[in-house]
Structure formats: C-alpha cells, structure tokens
Amino acid sequence: MRYSVIFILLMCVIISCIEEKPLHDSMEIIEINTQQESCDISSFIEKIEIIPLETTEHSLFHKMNKVIFNNGMDICAILTGEQDVFTFNGDGKYIANSKMRKGDGPEEYSMITDIRFSKDNNSIELLNPYGLIYSYTATFDFLSRTKINTKIPIRHIIQTDSTYFIMTHHSLWTGEEVTFYNQENDEYSYEKYKGTISAGNGINKDNFHQTPENIYFVPHGINYYLYQVDNINKKIVPKIYLDFGDETIKEKGLPGVGVGKKAKVEGNMIDLSKEYIQRHTFLRKSNYIIPLIKLVNDKYVYIYMAKGNESLGSHYLYNREEGKGFLTKDSKSTKFGYCNGINENVLFFICQPFELPYYIDSQLMSNSEIEKISAIKEDDNPIIIKYYLK
C-alpha cells in the first residue's frame, strides 16, 4: 500500500511538470538567468551607429506607434499616433509621408492600425483592421488595395505566399488562435496555440517576425513560447521555450483571465473584459519579472524584461548559433534602448534627441558617428540607434 501511494505521488509530480512546460523534440530551450549580468554591452555589441532622421517642415513627427526597417529597400517607415506614415532612407534622409493619401478616395486609406513591408520587399502595406490592405511605394504612389473578408477586426497580418495570409485578432475575442486565410478560395483555417499567462502585459508591436527563410509567431503578452509558421501544413509549431526558472510566472492562483474565448464573442464580453483587465493590472503592479518585448530571427532572440512595479528593466540577448546568452541591466545613468526591431545582426531603437546620451556608449562608436551628435538639436526628429551584434 505504501509503495502504491509513493507511485501515485511520483506520477503526479511528473504529470505536473509536463503540464507546466510541455516540450517538443525540436524545441530550443533558452535558460535565462535574470541575475547573472554580463560585464558590459561590449560583450555582445560590436559597434553602435546612429541615424538622425532629417528634420524638415514635411518630415517632422511626434508620437510613434511602430517603426519598421527594410534592408532591401534601404528605408525605414514610421507609423505615428495620427495614423500618418513617414519614410526615410538608410542614412536618415526624408523621402515622403502619407498625409496626402488619407481619405475616402479609391487610392486613399483610413483607420490604419499596422504597417509592414510586402513579401517581395517592393512596397509598404498599410492595414485597416476591417480587412483592407493598402499598398504604396516608398513615396506613397498607390499600387493596389486588397480585401480580406473578416468578421473580427484584424490586429496583425502577414502574407506567407501568393495565396495565403496569416493573421491575428485581439485575444480577448478569439483566445489563443491565429487564422490562415486562403484568398484564392476565400477559405479560413484556425490554429490554436498555448501558454499565454496574460495577453495584456507586453509592448510588442508585432506578432510576426519574417526572415528570408522563416516566419516566426510571437504571442502578445506573457507567453514563454515562440512559434514558427509551418506554411506547408498551415500550422504554427512551438520552436523556442524561454525558461526563466524560478522567475517563471505561473498562471495558477492569479486573479482574472489571461485571454478571452472565441465562444464568448456573443456573450458576456463586459465581464470578460473586467477579468482580463484585473489580471493585467495585478501583474503590472506586482514584483514579477515580465518579458515585455520579444524579438526573434534565425540567429538571435532578444528580450526586454522588467518587474511590473519598476521603471528600469533588463535586456537579454541569446545567440542561437553559439548557444550563448548575455544580460544587461538598466541604471538611472545608462540604459540599453528597449529595441523596436531586429534585422539580421542589428537591433534597432529609436529615441528623442535629449535621450540619446543615455542609450549610447561612445567607446563603441567611430569618430564619424560621434561627430553626428554635435549636429543634433533638441527639437529635431528622433534618432535611430543601431546596435550591431557580435
């Protein structure tokens, strides 16, 4: 009898471990020690460059919602809080803005919530949440308008091939789910994912990260899984697990809910929203370490994390090829910018002129880069910082 009890207890422990962190044979496990700080950023940063964005009457902008970069087109595009899009070349020279394209005409757009570069890297796509994708050149010459049939507002979308799109909606409406859409046949398929502790706690600007070979799906909020899109079978596969050890947030015992449920779209959404906000607020005021930004490509994983009740955070970079991780912590005097994007071996951050001294290390900059600083004025446009990874 005693051995039976021991056996049952042992099985319970094993099952609980499996439920807490289910693994797949091909999944990468990244073990993150939030206390073991690297000596300084030079241990993983090769050099720093800055790109002051040209300041003119037509190029000046204020609140930024999203910044995207494209090496092939050698431009960056910036979506502002006023739903205007500005384009600059790789040296920061102003190209154009989209203000003249706002409206209700056949070549104009309205109510956009996201931007991205097209799959062929020849245009900028502006997303309307109700399924309209407007395509323009870098100078905002109109190219096309694509209609995606959807009953639920779209949050983010990416084209995976000539026929298929993959999109996400707010998780309060659909739960943990992405949608594959066949434009040719107007058909949908739905793929579930798991692991979301709280979809409301995070500042990621995109769900999808594309490289020449792969598309990665990064769930919003607190979710320790990073997924890869299987475009052949129209699935998303858990590819990376971020193992925070004892700092991992467990869902058990938390108030409220982390995501919604698709079945409740027509139901008590007010009550569900209150529970969603309750968990978000609890974690934001807690002492938990929250991964706020997660970026991934074929070689690197970048994480910006902070305790819910603190303003200063930490940055973790993992080299997937070498299996090495680096951690740096912000201080009141120096910070490593919480990055907006990653392109090959470059992390990007954008800041205001008065913030620049906090986010750069002159020892990692060439003389020509340092000389750029003296020409920057306090009321100029923001500056893009490029951190080149080793």
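Data block above holds the structure.
Residues numbered from 1 in each chain as written. Predicted model: local features only at pLDDT ≥ 70, side-chain atom pairs only at ≥ 80, totals over all residues. Heavy atoms only, no water.

Participant: Could you clarify how one ought to interpret the nonpolar core in this entry?
Facilitator: Generally speaking, nonpolar side chains in soluble globular proteins are found buried as a group. Counting residues in hydrophobic clusters, the biggest one holds 68 residues, and the most contacted among them are Leu 242, Leu 347, Ile 385 and Tyr 387. Counting residues per element, this core draws most heavily on strand S22 (residues 300-307), which supplies seven residues. In contact with Ile 385, other than residues within four places in its own chain, are Ile 48, Glu 49, Ile 50, Leu 347, Phe 348, Phe 349, Cys 351, Leu 356, Tyr 359 and Ile 360. With 18 residues, the next largest nonpolar core counts Ala 96, Leu 126, Tyr 134 and Tyr 136 among its residues. (Core = buried A, V, L, I, M, F, W, Y, C linked by side-chain atoms within 4.5 Å. Buried < 20%, exposed > 50% of the residue type's maximum accessible area, 1.4 Å probe, protein only. Helix = DSSP H or I, 4+ residues; strand = E, 2+ residues; numbered from the N terminus. Contact = heavy atoms within 4.5 Å.)

Participant: Quick question: what am I supposed to make of the sheet that holds strand S3 (residues 64-70) here?
Facilitator: What holds strands together in a sheet is hydrogen bonding between their backbones, with the strands either parallel or antiparallel. The four strands are arranged S3-S4-S5-S6 in an open sheet whose pairing can be described as antiparallel. A single partner strand is all that each edge strand has here, and the edge strands are S3 and strand S6 (94-97). Taking the axes of each pair of neighbouring strands and ignoring which way they run, one obtains an average angle of 15° across the sheet. Across three bridges, the pairing between strand S5 (residues 85-89) and S6 is antiparallel. Looking across to S6, one finds that Phe 86 is bridged to Asn 97. (Pairing = 2+ DSSP bridges. Axes fitted to C-alpha atoms, helices over the stretch in contact; angles between N-to-C directions.)

Participant: I tried to follow the sheet that holds strand S11 (residues 154-159) on my own but got confused; where do I start?
Facilitator: Ordered in space as S11-S12-S13-S14, the four strands form an open sheet in which the pairing is antiparallel. Edge positions in the sheet fall to S11 and strand S14 (187-192), since each of these pairs with one other strand and no more. Here the strands of the sheet are splayed against their neighbours by 25° on average, with no regard to which way each runs. Judged from the six bridges that link them, strand S13 (residues 177-182) and S14 form a sheet pairing that is antiparallel. Bridge pairing in S14 links Thr 179 to Tyr 190.

Participant: Please explain the side chain of Asn 297 as it appears in this structure.
Facilitator: Here Asn 297 shows up in the loop between strand S21 (289-296) and S22. Residue classification places Asn 297 among the buried residues on the basis of a relative accessible area of 8%. A polar side-chain atom of Asn 297 sits 2.9 Å from the main-chain amide nitrogen of Lys 299. Sequence-distant contacts of Asn 297, that is, excluding residues within four places in its chain, are made with Thr 211, Tyr 216, Arg 320, Ile 342 and Glu 344. (Polar contact = N/O pair within 3.5 Å; in protein donor to acceptor, adjacent residues only side chain to side chain.)

Participant: I tried to follow the pattern of salt bridges on my own but got confused; where do I start?
Facilitator: Charged atoms that come close allow side chains of opposite charge to pair. Counted according to the given criterion, the structure contains 13 salt bridges. Across the pair Lys 93 and Glu 54 runs a salt bridge, and its minimum N-O distance is 3.4 Å. Of this pair, Lys 93 sits in the loop between S5 and S6 while Glu 54 sits in the loop between strand S2 (45-52) and S3, and the two are 39 residues apart along the sequence. Looking at Lys 93, the relative accessible area reads 47%, which means it is partly exposed. Put simply, Lys 234 and Asp 161 hold a salt bridge, and the shortest N to O gap is 3.8 Å. Of this pair, Lys 234 sits in the loop between strand S19 (225-230) and strand S20 (235-243) while Asp 161 sits in the loop between S11 and strand S12 (164-169), placing them 73 residues apart in sequence. The exposure class of Asp 161 is partly exposed, given its relative accessible area of 22%. Each of Lys 66, Asp 114, Arg 116 and Asp 206 takes part in one network of salt bridges that share partners. (Salt bridge = Lys/Arg side-chain N within 4 Å of Asp/Glu carboxyl O.)

Participant: What am I meant to see in the environment of Thr 34 here?
Facilitator: Residue placement: Thr 34 occurs in the loop between strand S1 (28-31) and S2. Classification of Thr 34 as buried rests on a relative accessible area of 6%. Put simply, Thr 34 and Asp 206 are 172 residues apart on the chain and 24 Å apart in space, counted from C-alpha to C-alpha. Not counting the four nearest positions on each side in its chain, Thr 34 is found in contact with Phe 244, Glu 247, Ile 289, Met 305, Leu 327 and Lys 329. Here Gln 35 takes part through its side chain, which lies 3.2 Å from a polar atom of the side chain of Thr 34.

Participant: How should I be thinking about unusual backbone geometry in this particular structure?
Facilitator: Negative phi is the rule for most residues except glycine; trans is the rule for most peptide bonds. Despite not being glycine, Asp 186 has its phi angle at roughly 55°, a positive value. Looking at the element boundaries, Asp 186 is found in the loop between S13 and S14. Even without being a glycine, Lys 234 presents a positive backbone phi close to 55°.

Participant: Help me understand the state of the cysteines, please; the structure alone is not making it clear to me.
Facilitator: Simply put, the disulfide is a covalent bond whose two ends are the sulfur atoms of two cysteines. In this structure the tally under the stated criterion is zero disulfides. The thiol of Cys 76 is unpaired, and the distance to the nearest cysteine sulfur, on Cys 351, comes to 13 Å. For Cys 351, which is in no disulfide, the shortest distance to another cysteine sulfur is to Cys 339 and amounts to 11 Å. (Disulfide = S-S within 2.5 Å.)

Participant: Would you explain the packing of aromatic side chains in this entry?
Facilitator: For any two aromatic rings, the description comes down to two numbers: the centre-to-centre distance and the angle of the planes. A full pass over the atoms with the stated rule returns 24 aromatic pairs. Taken together, a centroid distance of 5.4 Å and an interplanar angle of 35° make the contact between Phe 61 and Phe 86 tilted. On the criterion of sequence distance, the pair formed by Phe 61 in the loop between S2 and S3 and Phe 86 in strand S5 is long-range, its members being 25 residues apart. For the pair Phe 61 and Phe 86, a shared accessibility class is recorded, and that class is buried. With a centroid separation of 6.2 Å and an interplanar angle of 45°, the aromatic rings of Tyr 225 and Tyr 227 are classed as tilted. With respect to class, Tyr 225 is no different from Tyr 227; both count as buried. What links up through ring pairs into an aromatic cluster is the set Tyr 193, Phe 208, Phe 217, Tyr 224, Tyr 225, Tyr 227, Tyr 241 and Phe 244. Taking the ring centre of Tyr 388 as reference, the NZ or CZ of Lys 47 above it sits at 4.6 Å. (Phe/Tyr/Trp six-rings, centres within 6.5 Å; stacked < 30°, edge-to-face > 60°. Lys NZ or Arg CZ within 6 Å of the ring centre and 35° of its normal.)

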